[in-house]
Number of protein chains: 4
Amino acid sequence: MHSGSLFCHFKSKEALLYEVMQKGMRSALARQTIVLRGKHDSAATLRQLIRLHFETLLESNSDFMWAVLYESRALNTRQLRLIEELQGNYEAAWTPVLHELASTGCLRAEVPLARHLIFGSLNWSLQWFDAKNGASLDDLTDAMVALVMHDTSR
Amino acid sequence: MHSGSLFCHFKSKEALLYEVMQKGMRSALARQTIVLRGKHDSAATLRQLIRLHFETLLESNSDFMWAVLYESRALNTRQLRLIEELQGNYEAAWTPVLHELASTGCLRAEVPLARHLIFGSLNWSLQWFDAKNGASLDDLTDAMVALVMHDTSR
Amino acid sequence: MHSGSLFCHFKSKEALLYEVMQKGMRSALARQTIVLRGKHDSAATLRQLIRLHFETLLESNSDFMWAVLYESRALNTRQLRLIEELQGNYEAAWTPVLHELASTGCLRAEVPLARHLIFGSLNWSLQWFDAKNGASLDDLTDAMVALVMHDTSR
Amino acid sequence: MHSGSLFCHFKSKEALLYEVMQKGMRSALARQTIVLRGKHDSAATLRQLIRLHFETLLESNSDFMWAVLYESRALNTRQLRLIEELQGNYEAAWTPVLHELASTGCLRAEVPLARHLIFGSLNWSLQWFDAKNGASLDDLTDAMVALVMHDTSR
DNA sequence: TATGAATGAGAGTTCATTCAT
DNA sequence: AATGAATGAACTCTCATTCAT
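Residues numbered from 1 in each chain as written. Chains lettered and ligands numbered in written order. Predicted model: local features only at pLDDT ≥ 70, side-chain atom pairs only at ≥ 80, totals over all residues. Heavy atoms only, no water.

**Q** Summarise the packing of helix α3 (residues 42–58) of chain C against helix α8 (residues 137–148) of chain C; cite the residues concerned and give the values.
**A** Residues and elements named next belong to chain C. Packing of α3 against α8 brings their axes to within 9 Å, and their N-to-C directions diverge by 135°. The orientation of α3 relative to α8 falls into the category oblique. For the pair α3 and α8, the sense of crossing is right-handed. Of the residues in α8, those in contact with Arg-47, Ile-50, Arg-51, Phe-54, Glu-55 and Leu-58 of α3 are Leu-137, Asp-138, Leu-140, Thr-141, Asp-142, Met-144 and Val-145. Taken together, the residues of the contact of α3 with α8 sort by class into 7 nonpolar, 1 polar and 5 charged. (Axes fitted to C-alpha atoms, helices over the stretch in contact; angles between N-to-C directions. Helix = DSSP H or I, 4+ residues; strand = E, 2+ residues; numbered from the N terminus. Parallel < 35°, antiparallel > 145°, perpendicular 65-115°, else oblique. Left-handed = near helix turned anticlockwise from the far one by under 90°. Contact = heavy atoms within 4.5 Å. Nonpolar A, V, L, I, M, F, W, Y, C, P; charged D, E, K, R; others polar.)

What follows is the structure, encoded as C-alpha cells:
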C-alpha cells in the first residue's frame, strides 16, 4: 500500500485504528455472547470462555487485540471511552461465571482480583505465543484451566 | 530537564533506555537471588517470588519494568539480546520452584506454560493496578497464591 | 461532480482555471466594448463602465473574477501572460474616458494612478459586498460616482 | 530556514500567521491612534490616515498586511474573530473623520460605502504598487486625496 | 464519458540529536 | 556540564492526477 491510499478509506490513521479496534471488539463480544447463551455448567463455560479468548487474541485474523491492548493511547478521549466500555462489557461477562465457581470452591481467589489475574495470563500470551512451534490453543486452554480451577471431587 | 541535557550523560535516548532497563533488571535479579538463597519450602518461596515481582513491577521506583515489558522494540539487536537474557535468567529461576510444586500436586499445569501464564498474571498488573485505591501488594499476592496454588491437605 | 470526472473535460485543474478565467475575461471585454460603442458623454460612460464592472464582479455568474483577481498565481507563465493581457486591455479601455474627464476637471488625479485607485475601489467590493443585505449594485455605482466625480457646474 | 525550525518558535504554521497578523495590526492601530490624537482639521487628518495606511501596506516591514488581507482563511474561528475585530477597530476610526468631511461637502458619498470604497483603493495598491519604479507613497497619497476630496473653495 | 480507488509529490509536524554558547 | 535554538529524517495528511472498470 502506498502512503496516501489509507486516506481513501479512513479520515485519519486514528480513525482506522478506532475502526479496527471497535469492529474487532464487537465481533469478540458477539462470539462470547453465543458461548454464554449455551447451557453448560460454569466450569465448562469458563473453559469455553478461555478457549475463545485465546482465539480472539492469537488467531491470524486477530491483530485488533494487539491494538486494543497496546495502542489505545493513540485514540482520542471519546474513542478511548467507547473502546474501554466494550472491553468492560467483555470482561464483565466473566464475573457471574467466576462467582459461581468461587461459590463452589473451584476458584480460590476474590473474584474481582481473580478476573484481573486471569485476563493477565491470557492477554500476556500475545507477548510469547508462537503458533509455528510449541503449544496449540488447546494446550494453552488446558494449562490455564489446570492452573486456576481447583479440584473439589475429593 | 532540558532538551539537550540528556546527551551530556547518554550517547542517545536508546542508550538511556538500555541503561535503565539493564540496571533495573540486574537489581531485580539480585533481590530475587537473595530470596532464593533463603531456605524455605517451595510454597513459601513462590509466595516470596510473587510478592517481590509485584514490588518490582508496581513500586514507585520501578518504572524500568514498564520499559522492559513494553519498550524493548526501541533497542537495537545487541541490546535487546542482553535484556532478553536478563529477563530469561530472572524467569528461569522460577522453574525449579514450580517443578517442585508441580511434583507435589500444588501446581496443576505443565511447568513451562504455567510459568508463562503466571508471569502474565503478574506483569499484566502494570495495566490495571492503582496504588491509590484498591488492593495492596499483599492483597495481590494473596489472591495470586490462592488462584494457582492447589490444596493438597485432604 | 466526482473526483475523476474533471479530467474527462480538462487536461488539468490549471487548464480548467485558465479556461474559466479566459472565457470570463473575454465575455467581460465584449460587454464593455458594447458599452463603449454607445455614444455618450464621458461622465455617463464612466458610470456605465463602473456599473458594468460591479456586475462583472458581483453577479451570481461572475465567480471567474475572483479567480482572475486572486488565483492567477496558480497559472503557468504563458497562461498568466494572456490573462494579464486581457486584463490590461480591459483596464486600458478606461483610460480615454478618464483622460477626457480629467481634462474637464471632473477627475482630479493623474490618470494612471487614478485608474489603479478606481479599480481598487471596485475590485475590493468582492471582499465585503453581500448581495443578501445592504446596498444594491445601483447604490454602489452611485456611491462610486459621487466619490470620484467632481462637480464643475459652479 | 529548515523544515523543522519554525516549530522551535511557534506551535504551528497557523500560530505563526496569527502572531504576525495580530502584532502587525496592533502596531498599525497604535500608529494610527497617535495620528488621530494630533489636532488637525479633518482634511489634513484624512491625508495623514491615507499616508499612514499606504506605509502600513507597502513599506518593507509590512508583509503582515498581505497576510491580514489575503490569508485570513488559514486562521481558525477564534483567531479570525480577533483579527477581524482589530481590522474593524482600525477602519472604524476613519468614520468620524469621513463624517466631518461629508458634512462640509468635501466627501460626496454616503460614509459607510465611501469607507469601503476608499479602503479598496488603498488596499488594492498591494496588487500593483512597485517601490522600485513609478510613484512614491507621497504620489499615491496626493492622487488619492485629489481623487476623493472635493473642492469647496469656489 | 464517468467513476472512485489508488498513487505519489509535497506540505505540515514531531522529535531525537547536534551545536554554539 | 547545561542550555535551547537549529537541524533533518520520518511520519501524517492533502490533493491533483491516473487508471481499471
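Let's pick the thread back up.
**Q** Explain the interface of chain B and chain A residue by residue, including any values.
**A** Every contact between the two is made by 31 residues of chain B and, on the other side, 31 residues of chain A. Approximately 2,700 Å² of surface area, both sides summed, lies buried where chain B meets chain A, with 68% of it carried by carbon and sulfur atoms. Inspection of the chain B/chain A interface yields 0 salt bridges. Between the two partners, chain B and chain A, sit 7 residue pairs in polar contact (both at pLDDT 80 or more). Listed by contribution, the elements that provide at least two residues to the side of chain B that touches chain A are α4 (63–70), α7 (111–128) and α8 (137–148) of chain B. Among the elements that line the side of chain B that touches chain A, the one with the most residues is α7 of chain B, at 12 residues. Considered class by class, the residues forming the side of chain B that touches chain A number 20 nonpolar, 6 polar and 5 charged. (Buried area = accessible area lost by both parts, 1.4 Å probe. Salt bridge = Lys/Arg side-chain N within 4 Å of Asp/Glu carboxyl O. Polar contact = N/O pair within 3.5 Å; in protein donor to acceptor, adjacent residues only side chain to side chain.)

**Q** Any details on the interface of chain D and chain C? Residues and values, ideally.
**A** One frequent convention defines the size of an interface as the accessible area lost when the parts assemble. At the junction of the two partners, chain D supplies 31 residues and chain C supplies 31 residues. Counting every contact that joins chain D to chain C gives 0 salt bridges. The tally of links between chain D and chain C comes to 7 residue pairs in polar contact (both at pLDDT 80 or more). Those elements that provide at least two residues to the side of chain D that touches chain C are α4 (63–70), α7 (111–128) and α8 (137–148) of chain D. Among the elements that take part in the side of chain D that touches chain C, α7 of chain D stands out by supplying 12 residues, more than any other. For the side of chain D that touches chain C, the residue count by class is 20 nonpolar, 6 polar and 5 charged.

**Q** How would you sum up the protein's contact with DNA strand E? Please name residues and give values.
**A** Close contacts around DNA strand E come from 23 residues, with His-2 and His-9 of chain A, His-2 and His-9 of chain C together with Lys-13 of chain D the closest. Among the atoms of DNA strand E lying within 4 Å of the protein, the sugar-phosphate backbone contributes 60%. Counted by class, the surface near DNA strand E contains 4 nonpolar, 16 polar and 3 charged residues. (Near = heavy atom within 4 Å.)

**Q** If you had to explain the relation of the copies chain B and chain A to someone new, which residues and values would you point to?
**A** Relative to chain A, chain B is turned by 180° and slid 0.0 Å along the rotation axis, the superposed coordinates differing by an RMSD of 0.2 Å. A rotation of that kind, with that shift, is consistent with a two-fold axis. The residues that chain B uses at the interface reappear at the interface of chain A in 100% of cases, marking a shared surface. (Least-squares fit on C-alpha atoms with pLDDT ≥ 70 in both.)

**Q** Describe the state of the cysteines, listing the residues and the values that go with them.
**A** Across all of its chains, the model carries 0 disulfides over all chains by this definition. Cysteine Cys-106 of chain A is unpaired, with the sulfur of Cys-106 of chain B as its nearest cysteine sulfur at 18 Å. (Disulfide = S-S within 2.5 Å.)

**Q** If you had to explain the pattern of salt bridges to someone new, which residues and values would you point to?
**A** Scanning the model with the defined rule gives 24 salt bridges over all chains in all. A salt bridge links Arg-31 of chain B to Glu-55 of chain B; the shortest N-O distance between them is 2.9 Å. Placement of the pair is Arg-31 of chain B in helix α2 (residues 13–37) and Glu-55 of chain B in helix α3 (residues 42–58), with a sequence separation of 24 residues. The class for Glu-55 of chain B is buried, based on a relative accessible area of 14%. Arg-73 of chain B is paired through a salt bridge with Glu-71 of chain B; the nearest N and O atoms lie 3.5 Å apart. Since its relative accessible area comes to 55%, Arg-73 of chain B is described here as exposed. Given the relative accessible area of 19%, Glu-71 of chain B is considered buried. Here the residues in one salt-bridge network are Arg-31, Arg-51, Glu-55 and Asp-138 of chain A, joined through shared partners. (Buried < 20%, exposed > 50% of the residue type's maximum accessible area, 1.4 Å probe, protein only.)

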